[in-house]
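Residue-level listing of the chains:
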Amino acid sequence: MFSSRMSLTQSSLLYGQLDDLQELAFIERPIRRSLKTAEEIDQLTVDEDLNDIERAVYLLSVGQEVQRVSVISNLPSLVRQNPAETFRRVVPKEVLNGSGAETQLAAAASFLTILQDDIILIHTHTYSILKTVLLHLNHRDTVVSNAWLETLLSAINALPKETIKQEVLNPLLYQSQLSHSLQARLASCRILGKVACKFDSHIVKTELLPLARSLCQDVEFEVRACMCRQLESIARATGVDDTRTELLPELVELAGDEESSVRLAAFDTIINLMEMIDGDDRLHVVVPLVMSVCEASSQADESVAASLSFQFGKLCNGLAVSLSDEQKGRLLQRFKVLCVAGLQTEGNQTDINNESKLIRCNCCYNLPAMVVFADSAHFQSELYPSFSSLCCDPEVSVRRSAAASFHQVVKLLGSNVQIVHKELLVLLQDDALEVLDALMNHLEETLEAVLSRGENLTLDNKFPELLSALLLAEQKVGCSLRWRLHEKLLQRYSCLARLLPGEVLHQSFSPRIFIILTTNKVLPVQKEAARTFCTFLRYNRKQEQRQEMMERLIQDLAQGRSYWNRLRFLDVCETATEIFSRKYFNKHFLIPALELVHDPVANVRYKLCQLLPRLHSSLRLPGDKQLLQQLDFCVQKLLCREKDKDVVATIRKTVLELDKLDLTEPFHKRQERDLLDQKKEKEETLLLEMEQLERQQTEGKLNSEKHTERKRRESKTSLSATKSMSVSSSGAALSSGKDMRKAKLSRSRSLSSQPTTSKPANSDRPLKVKELSSTSGPGKSSMLQSKDDSLRTAHFTMATQSTPSMPVLIRSNTTSLLDRASTLDHRTSSMDHRSSSVDQRDHRSGTLDHRTSSMDHRNNMVDQRTSTLDQRDHRTSSLDQRSKTMDRGCGLKDSQSRKLSINRKSNSFSVQSGRD
């Protein structure tokens, strides 16, 4: 039983396969029957000995339709090869008479290509082209006729005036009559508008303007509408005066036509000619016309409203000077109605009409112009509800249009940009990627306007929301299949390096970009992530964070376990050569890249061989001699030990390229690259200096806080000390002079035990500067401040001359930090000069003390020593008086502090001499 079942199953499978084979055979039968027969093959065969011109003539004469179409489509290439023979033998063939639409369209496209590409001299073959074009201009097929009309309009730009007047205008006068067809009169309107720019105003006024008026009064509304749109080019050819007297009355009359298409054409033409209409005509003619059209558009069909919404911004700003406040309010109210067109329907149902969507998209397009019209100060009260409605519109096309114009709106708002913060978050978190794509086109301008407004942005509650929205937008795009959008987004996110604080950038965005670099499988996305990561590394202002990012690149990519990551490191090196200076690149990237010569995977070594010329161009002798030796060793290792044939072929090609690198590169290009590298290196040095200055500034703030706290504590202790001194003052008054002398003697002995020198060490100078600055009075600080201001301006003029271009990504607080550093250097130098003068005075006092010390050797009694000490004190006071007179002669205000230092030094020298 089991075997029977198996045989039944096998037979069923066999029959099923046979049925499939029969179906396939049935499908192939029509294909075999549709092949060309031997006779047809003989008809399609052409002699191979014929040249291109002869083959074209033969196929146009006896060939089939498909061969004729092929020859006519290939006509531009024949004209490029031999224009004279092509126009003499190929073009005159009467193959277009009675041919089908496909042949006619191919001929029109070929002639249009010949005219647009300037393949031939149009003056030489004018007759041949115009004869063919004008002959088939009135083809019975509308599509073919329009194709030949476009060819003729393109030919007008290249034709001379006399040829246009004879060959084009004379038939035009005849075809514009009512006896001709509608198609011929429409063609006459378009030709009339095209040729108007070729002649002067007198010819246009005398010959073309009467014909244009007759066509504006045509019985067919299509002709009136077409001619009305051509009046703009005629008006620009005639001039302002003739436009006001001749054409404006005609346009006003057409604006009241019974057909809506004619009224719209007249309305659009008046708006386009707004700059050619003077103030009186705007006030008395155009403004009433606009108001009537706005009122009529609310009751007429939506096509009128669509045209009005497209021109609304240009219309309002063109008439802003001539409008009253009441009229401005009416126009703003009309714009608000257009922004919600199709949304307010019965039963709260959204109208799914294409015209309504088009109106709201046009409103998004006109939003920046309406912000200018309403003034940005009144944006929140007048236009914000409409703007918010368009950003949250149910249709994706409307939200995309709002995102496309968002950057212009935030620029116009200025300091009031926080009003639209909610709408920015909504567009960033939109579910449709089309909206995000439109927003990414100008994301840098948008974020620059949003993040640069206001103070204390990092403490604002809106700042974390914006960061999270940017990260979520990247994750959403990364999860989709839109890798081009992901590449664009990463490219736009590189601007965050100069807009966000470094700490926020390092904690939030750098890890995410590194994950994309190591995990994403799309090569363009990886390269863009590498560029963005290098940009973040380049402009990070903290040494610890830069070191951490660089170590992560080396460990995870250059020394990674996957060869894919090691390949990505070489891509990062290729990008780093464009972003970093040569010095920074050679210090951090070059050695890890050259170490990949030992990589076991041939693809990595192959990539390294391709990168070697770029690495070699980053070296400059004699500073990079050791690095050049390592690169040469890498090349020799690849030449001697490499076994992979592709790598061997690539390294041989690379060696030849390295030999020719210095010879083939022009000198001016190398000089430009050197100047650019110097600029990059200056920017990197400035970043390091800024980091040090910021660190010093933070340390100075901490020290100042500690100093104020210490002063506060000392003030408390001084209050308690004054109280105790007031209590003990009565007892201190009873002490005798002998006790005071004994106290002086003991103090002098304690000071004499310490070693002294004639001059202070250099390391003590900053301490003296601080003491002098702390004891200086308010008058001195004011004088020093005025001097420091003058020195600060001089310092920055020199700095700007030495560094002609400041880095783009440097924040504005750089100047204040550099000013403080230059001021501190100037004060230190001035204080060192003063301390040197004080040292000279100390030397004089030391010589006097030496003279008194010789007298002290003769006395052995303690009383005599105390007497000599009193005499030294008296001499020291005389030295103090001399120092005062010297300070007065120098004109300095800090004499008290210097006197104090001289007293201390003179006392110490007198005690030392006493001991001797």
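Chemist: Provide a residue-level description of the overall build of the protein chain, including the pertinent values.
Modeler: The number of helices and strands found in the protein chain is 47 helices and 0 strands. Looking at the protein chain as a whole, 41% of its 916 residues are labelled buried. Intrachain contacts of the protein chain at a sequence separation of at least 6 include 71% that bridge at least 24 residues. With the model as given, the accessible surface of the protein chain reaches about 51400 Å², and the carbon-plus-sulfur share is 53%.

Chemist: Can you tell me about helix H26 (residues 433-440), naming the residues and giving the values?
Modeler: The buried fraction of H26 amounts to 6 of the 8 residues, a majority that puts the element mostly inside the structure. Restricting attention to buried positions, one finds in H26 the residues Leu 433, Val 435, Leu 436, Ala 438, Leu 439 and Met 440. Where the residues of H26 are buried, they touch helix H23 (396-404), helix H24 (406-413), helix H25 (421-428), helix H27 (443-451), helix H28 (462-479) and helix H29 (483-493).

Chemist: So what about the packing of helix H18 (residues 325-339) against helix H20 (residues 367-374)? Which residues, and what values?
Modeler: Across the interface, H18 lies against H20 with an axial gap of 11 Å and an inter-helix angle of 155°. As far as their axial angle goes, H20 and H18 are roughly antiparallel. Seen along the crossing, H18 lies across H20 with a hand that is left-handed. In this structure, H18 uses Lys 328, Leu 331, Leu 332 and Phe 335 to contact H20, whose residues at the interface are Leu 367, Met 370, Phe 373 and Ala 374. Tallied by class, the residues present in the contact of H18 with H20 amount to 7 nonpolar, no polar and 1 charged.

Chemist: Mind laying out the side chain of Thr 243, listing which residues take part and the relevant values?
Modeler: Position of Thr 243 among the secondary structure elements: in helix H14 (residues 240-255). Looking at Thr 243, the relative accessible area reads 4%, which means it is buried. Separated by 2.5 Å, the side chain of Thr 243 and the backbone oxygen of Gly 239 make a polar contact. Non-local contacts of Thr 243, meaning those with residues more than four positions away in its chain, are made with Ala 235, Thr 238, Leu 248 and Met 276.

Chemist: Kindly report on the side chain of Asp 218, identifying the contributing residues and their values.
Modeler: With respect to the helices, strands and loops of the structure, Asp 218 is situated in the loop between helix H12 (201-216) and helix H13 (221-238). Take Asp 218: its relative accessible area is 4%, and that puts it in the buried class. Apart from the residues lying within four places of it in its own chain, the contact partners of Asp 218 are Leu 178, Arg 185, Val 223 and Arg 224.

Chemist: Run through the nonpolar core, naming residues and quoting values.
Modeler: Formed by 205 residues in total, the largest nonpolar core has its most connected members in Ile 191, Ile 234, Leu 553, Phe 589 and Leu 615. With 9 residues, the single largest contributor to this core is H13.

Chemist: Describe the packing of aromatic side chains, and please don't skip the residues or the numbers.
Modeler: Counted under the stated rule, the structure contains 13 aromatic pairs. A centroid spacing of 5.7 Å and a plane angle of 10° characterise the contact between Phe 310 and Tyr 365, whose relative ring orientation is stacked. Of this pair, Phe 310 sits in helix H17 (residues 302-318) while Tyr 365 sits in helix H19 (residues 354-365), placing them 55 residues apart in sequence. Residue classification places Phe 310 among the partly exposed residues on the basis of a relative accessible area of 43%.

Chemist: Lay out the pattern of salt bridges in plain terms, naming residues and giving numbers.
Modeler: It is possible for side chains of opposite charge to pair when their charged atoms get near one another. For the structure on display, the rule yields 37 salt bridges. Here Asp 393 ties to Arg 360 by a salt bridge, and the two come within 2.8 Å at their closest N and O atoms. Of this pair, Asp 393 sits in the loop between helix H22 (384-391) and H23 while Arg 360 sits in helix H19, placing them 33 residues apart in sequence. Arg 360 matches Asp 393 in its accessibility class, with the two residues each being buried. The residue Asp 571 makes a salt bridge to Lys 607 at a minimum N-O spacing of 3.1 Å. Of this pair, Asp 571 sits in helix H34 (residues 563-579) while Lys 607 sits in helix H37 (residues 602-617), and the two are 36 residues apart along the sequence. You'll find Asp 571 and Lys 607 in the same group, each marked buried. Taken together, the shared-partner salt bridges in this structure form one network comprising Arg 531, Arg 568, Asp 571, Glu 574, Glu 578, Lys 607 and Arg 614.

Chemist: Please provide a residue-by-residue account of H13, values included.
Modeler: A rise of 1.5 Å per residue sets the reference length of H13, with its 18 residues, at 26 Å; its end C-alpha atoms lie 25 Å apart and thus fit the reference within 8%. At Leu 231, H13 shows its maximal kink, close to 30°. Residues of H13 that are buried sit in contact with helix H11 (182-195), H12, H14 and helix H15 (260-272). Phi turns positive one or two residues past the end of H13, at Gly 239, with a value near 115°.

Chemist: Provide a residue-level description of the environment of Leu 383, including the pertinent values.
Modeler: As for its placement among the helices and strands, Leu 383 is situated in the loop between helix H21 (379-382) and H22. Separated by 13 residues in sequence, Leu 383 and Met 370 place their C-alpha atoms 8.2 Å apart. Apart from residues lying up to four places away in sequence, Leu 383 is in contact with Leu 332, Phe 335, Met 370, Val 371, Ala 374 and His 378.

Chemist: Go over the confidence of the model for the protein chain, please, and point to the residues and values.
Modeler: With 68% of its residues at a pLDDT of at least 70, the protein chain reaches an overall mean of 75. This model gives residues 1-15 a pLDDT under 50, and the stretch forms 0 contacts once residues within four places in sequence are excluded. Scored below 50 in pLDDT, residues 454-459 shows 4 contacts in the model against residues more than four places distant or in partner chains.

Chemist: How would you explain the packing of H34 against H37 if you had to name every residue and give the values?
Modeler: In contact at an axis separation of 10 Å, H34 and H37 are set at 10° when each is read in the N-to-C sense. Considered as vectors, H34 and H37 are oriented roughly parallel to each other. Together, Tyr 563, Arg 566, Leu 567, Leu 570, Asp 571, Cys 573, Glu 574, Thr 577 and Glu 578 of H34 and Asn 603, Val 604, Lys 607, Leu 608, Leu 611 and Arg 614 of H37 make up the contact between the two elements.

Chemist: So what's going on with the environment of Arg 244? Residues and values would help.
Modeler: Relative to the elements of secondary structure, Arg 244 occurs in helix H14. Owing to a relative accessible area of 45%, Arg 244 belongs among the partly exposed residues under this scheme. Spatially, the C-alpha atoms of Arg 244 and Asp 281 are 8.4 Å apart, while their sequence positions differ by 37 residues. Setting aside anything within four residues of it in sequence, one finds Arg 244 in contact with Pro 249, Asp 278 and Asp 281. Polar side-chain contacts of Arg 244 include one of 3.1 Å to the side chain of Asp 278.

What counts and how
- Residues numbered from 1 in each chain as written.
- Predicted model: local features only at pLDDT ≥ 70, side-chain atom pairs only at ≥ 80, totals over all residues.
- Heavy atoms only, no water.
- Helix = DSSP H or I, 4+ residues; strand = E, 2+ residues; numbered from the N terminus.
- Buried < 20%, exposed > 50% of the residue type's maximum accessible area, 1.4 Å probe, protein only.
- Contact = heavy atoms within 4.5 Å.
- Areas by Shrake-Rupley, 256 points an atom, 1.4 Å probe, with all protein chains shown as cover.
- Axes fitted to C-alpha atoms, helices over the stretch in contact; angles between N-to-C directions.
- Parallel < 35°, antiparallel > 145°, perpendicular 65-115°, else oblique.
- Left-handed = near helix turned anticlockwise from the far one by under 90°.
- Nonpolar A, V, L, I, M, F, W, Y, C, P; charged D, E, K, R; others polar.
- Polar contact = N/O pair within 3.5 Å; in protein donor to acceptor, adjacent residues only side chain to side chain.
- Core = buried A, V, L, I, M, F, W, Y, C linked by side-chain atoms within 4.5 Å.
- Phe/Tyr/Trp six-rings, centres within 6.5 Å; stacked < 30°, edge-to-face > 60°.
- Salt bridge = Lys/Arg side-chain N within 4 Å of Asp/Glu carboxyl O.
- Expected span 1.5 Å × (residues − 1).
- Bend = angle between axes of the 7 residues up to and from the residue.
- pLDDT = per-residue confidence, 0-100.

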